[in-house]
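# What the coordinates show
Next come the chains, spelled out residue by residue.
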Amino acid sequence: MQKILDCSEYLRKNGIKPSFQRIKIFDYLVNNPVHPTVDTIYRSLVNEIPTLSKTTVYNTMSLFIEQGIVQLITIEDNEVRYDADTSVHGHFKCTACQKVLDFHVDAGDISYKGIENFDIIEQHIYLKGVCGTCKSANLQ
Ligand SMILES: [Zn+2]
Ligand SMILES: [Zn+2]
């Protein structure tokens, strides 16, 4: 993902009025690529923005998704996470530390046998398992 230096300009370019809260929320997403939930985003920003509410975070995320600058990650049914990196990449969730990590996916490596002539609108690649850090911690 290319580094976004000016969040305000980036939002404007994508048809979003860059309000103070929107800039702060987007800036947080870009600088914390940990696929946060609404809850995490809210808790991380509420000290800095006391007027922030979870509803605002939620509505802002919906707007960002609508404008195509954020993608939704639903690796778990009961947990919605957000990603400011909208390029095609896979997500790995560690069942031990609960972290969601990115991995590179080469579009050329994916086989679409059986659905060759279908139109694909969304592409999600989700894996679950135990990450390297948790694996080595378990071995000690
Ligand atoms: Zn882990
Ligand atoms: Zn990601």
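Residues numbered from 1 in each chain as written. Chains lettered and ligands numbered in written order. Predicted model: local features only at pLDDT ≥ 70, side-chain atom pairs only at ≥ 80, totals over all residues. Heavy atoms only, no water.

Moving on: the coordination of the zinc ion (ligand 1). At the metal site, the zinc ion (ligand 1) is ligated by C94 (SG), C97 (SG), C131 (SG) and C134 (SG), and these contacts range over 2.2 to 2.3 Å. Given four donor atoms and angles of 103 to 118 degrees at the metal, the environment of the zinc ion (ligand 1) is assigned as tetrahedral. One chain supplies every donor to the zinc ion (ligand 1), and in sequence these donors are spaced C-x2-C-x33-C-x2-C. Taken as a pair, C94 in strand β3 (residues 89-94) and C134 in helix α5 (residues 132-139) lie far apart in primary sequence, 40 residues in all. You'll find C94 and C134 in the same group, each marked buried. (Donors = N, O, S within 2.8 Å, 3.2 Å for Na, K, Ca; no water. Tetrahedral: all angles 85-135°; square planar, octahedral: opposite > 155°, others 65-115°. Helix = DSSP H or I, 4+ residues; strand = E, 2+ residues; numbered from the N terminus. Buried < 20%, exposed > 50% of the residue type's maximum accessible area, 1.4 Å probe, protein only.)

Okay, the coordination of the zinc ion (ligand 2) next. Looking at the metal site, the zinc ion (ligand 2) is ligated by H35 (NE2), D83 (OD), H89 (NE2), H91 (NE2) and D102 (OD), spaced 1.9 to 2.2 Å from it. Along the chain, the residues donating to the zinc ion (ligand 2) fall in the pattern H-x47-D-x5-H-x1-H-x10-D. Of this pair, D83 sits in strand β2 (residues 79-83) while D102 sits in strand β4 (residues 100-104); the two residues are 19 residues apart in sequence, bridging distant segments of the chain.

Turning to helix α3 (residues 38-45), a few remarks are in order. Residues of α3 that are buried: V38, I41 and L45. An end-on view of α3 places all buried positions within 70 degrees of arc, on one side of the element. Those residues of α3 that are buried are in contact with α2 (20-31), α4 (54-66) and β2. (Arc of directions from axis to C-beta. Contact = heavy atoms within 4.5 Å.)

Turning our eyes to something else, we now look at α2. For α2, spanning twelve residues, the distance from its first C-alpha to its last is 16 Å, which sits close to the expected 16 Å at 1.5 Å a residue. Regarding α2, the residues found buried are Q21, I25, F26, Y28, L29 and V30. Residues of α2 that are buried make contact with α1 (7-13), α3, α4 and β2. (Expected span 1.5 Å × (residues − 1).)

Right, let's talk about the pairing of β2 for a bit. Taken across its five residues, β2 has four buried, putting it largely inside the fold. Across four bridges, the pairing between strand β1 (residues 71-76) and β2 is antiparallel. Across the sheet, I73 pairs through a bridge with R81, a residue of β2. In this antiparallel pair of consecutive strands, β1 and β2, the connection spans two residues. (Pairing = 2+ DSSP bridges.)

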